[in-house]
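Observations on chain architecture
If you want the building blocks of each chain, they are given just below.
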Amino acid sequence: MTEAPQPEPGPESFKNNSTEIVRNRNLYFIFRQLVHKNLHQLSHPGAKATYRPIAKKFVWANSEKGKPEYTEIEAEDATPKRFKLTGANDIEDLEIDAVVDTVMDLKAKIVEYFYEEDAAVKERRRKPLFEEILPFYMKRMEAAAKKNKSHLAAGKLTWADVHFVGIVDYLSFMIGRDLLADCPSLQVLQKTVLKLPGIKEWVVKRPVTDY
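Predicted model only: the values in this text are computed from it and were never measured.

1. Considerations on the overall build of the protein chain
Of the regular secondary structure elements, the protein chain holds 8 helices and 2 strands. By the burial criterion, 35% of the 211 residues in the protein chain qualify as buried. Within the protein chain, contacts between residues separated by at least 24 positions form 61% of all contacts whose residues are at least 6 apart in sequence. Just so you have it, the protein chain exposes about 13,700 Å², and 55% of that area is on carbon and sulfur atoms.

2. Quick notes on the packing of aromatic side chains
Taken as a whole and judged by the stated rule, the model has 4 aromatic pairs. Look at phenylalanine 136 and tyrosine 137: their rings are 5.6 Å apart centre to centre, the planes differ by 80°, and that puts the pair in the edge-to-face class. The positively charged end of lysine 122 is found above the aromatic ring belonging to tyrosine 113, 5.2 Å away from the centroid. When the ring centre of phenylalanine 130 is taken as reference, the NZ or CZ atom of arginine 126 above it lies at 4.4 Å.

3. Considering the pattern of salt bridges
Note that side chains of opposite charge can pair when their charged atoms are close. On inspection of all chains with the given rule, the structure shows 3 salt bridges. Close ionic contact of glutamate 92 with lysine 156 constitutes a salt bridge, the shortest N to O distance being 3.9 Å. With glutamate 92 in helix H4 (residues 90-114) and lysine 156 in the loop between helix H5 (119-147) and helix H6 (159-175), this residue pair connects regions lying 64 residues apart in the sequence. Residue lysine 156 is classed as partly exposed on the basis of its relative accessible area of 30%. The salt bridge partner of glutamate 116 is arginine 125, with a shortest N-O separation of 2.8 Å. According to the relative accessible area criterion, glutamate 116 is partly exposed, its value standing at 22%. Residue classification places arginine 125 among the partly exposed positions, given a relative accessible area of 28%. Here the salt bridges share partners, and the residues they tie into one network are Glu112, Glu116 and Arg125.

4. Topic: unusual backbone geometry
With a phi close to 60°, lysine 149 is a non-glycine residue in the positive phi region. We note that serine 150 has phi near 65°; this positive angle belongs to a residue other than glycine. The residue serine 150 is located in the loop between H5 and H6 in this model. Looking at serine 150, the relative accessible area reads 15%, which means it is buried.

Calculation criteria
Residues numbered from 1 in each chain as written. Predicted model: local features only at pLDDT ≥ 70, side-chain atom pairs only at ≥ 80, totals over all residues. Heavy atoms only, no water. Helix = DSSP H or I, 4+ residues; strand = E, 2+ residues; numbered from the N terminus. Buried < 20%, exposed > 50% of the residue type's maximum accessible area, 1.4 Å probe, protein only. Contact = heavy atoms within 4.5 Å. Areas by Shrake-Rupley, 256 points an atom, 1.4 Å probe, with all protein chains shown as cover. Phe/Tyr/Trp six-rings, centres within 6.5 Å; stacked < 30°, edge-to-face > 60°. Lys NZ or Arg CZ within 6 Å of the ring centre and 35° of its normal. Salt bridge = Lys/Arg side-chain N within 4 Å of Asp/Glu carboxyl O.

Given below as structure tokens:
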């Protein structure tokens, strides 16, 4: 077997001068997760072992920081089938995955703002986040919930609902206000998930933290 020639470096790639390997850098979140997921599922290694072959072919901002998050999503993927929180077919599963990817995109935008240490940069990000990004995402997620009987996908309770409710308080904490204040269908969804057996008991006894 011979190694295929590497593409010429261009504006969407970086060339590692020590190895002469060209790596693609322009991958949207959903494709970054897909790359990570496909490699991880070959043998289900740890986050570090999964990241090493990815780093040989791809590079993007904070790529190493994202590996625990991607691995977390893959762990969630394995759980829903046990609790019947998946779709009834491949189309519904695709819809559910798309919703979760959207939630993770929203989280990434909020995290980028909240954890910015440069006060001037953070202030520049504030207006686009609160006036453009949050309204854009929340309007569409509320519409999806209204369409799906106060669920995010497939017209029923799925792991996308549980995932979203599991992080929505943290998202609200980071933006300093209730993310669901103007989203009645999403409020119903939150109440539905928080009343589920197991989750309801955990919420009562969970440790009290700032988040």
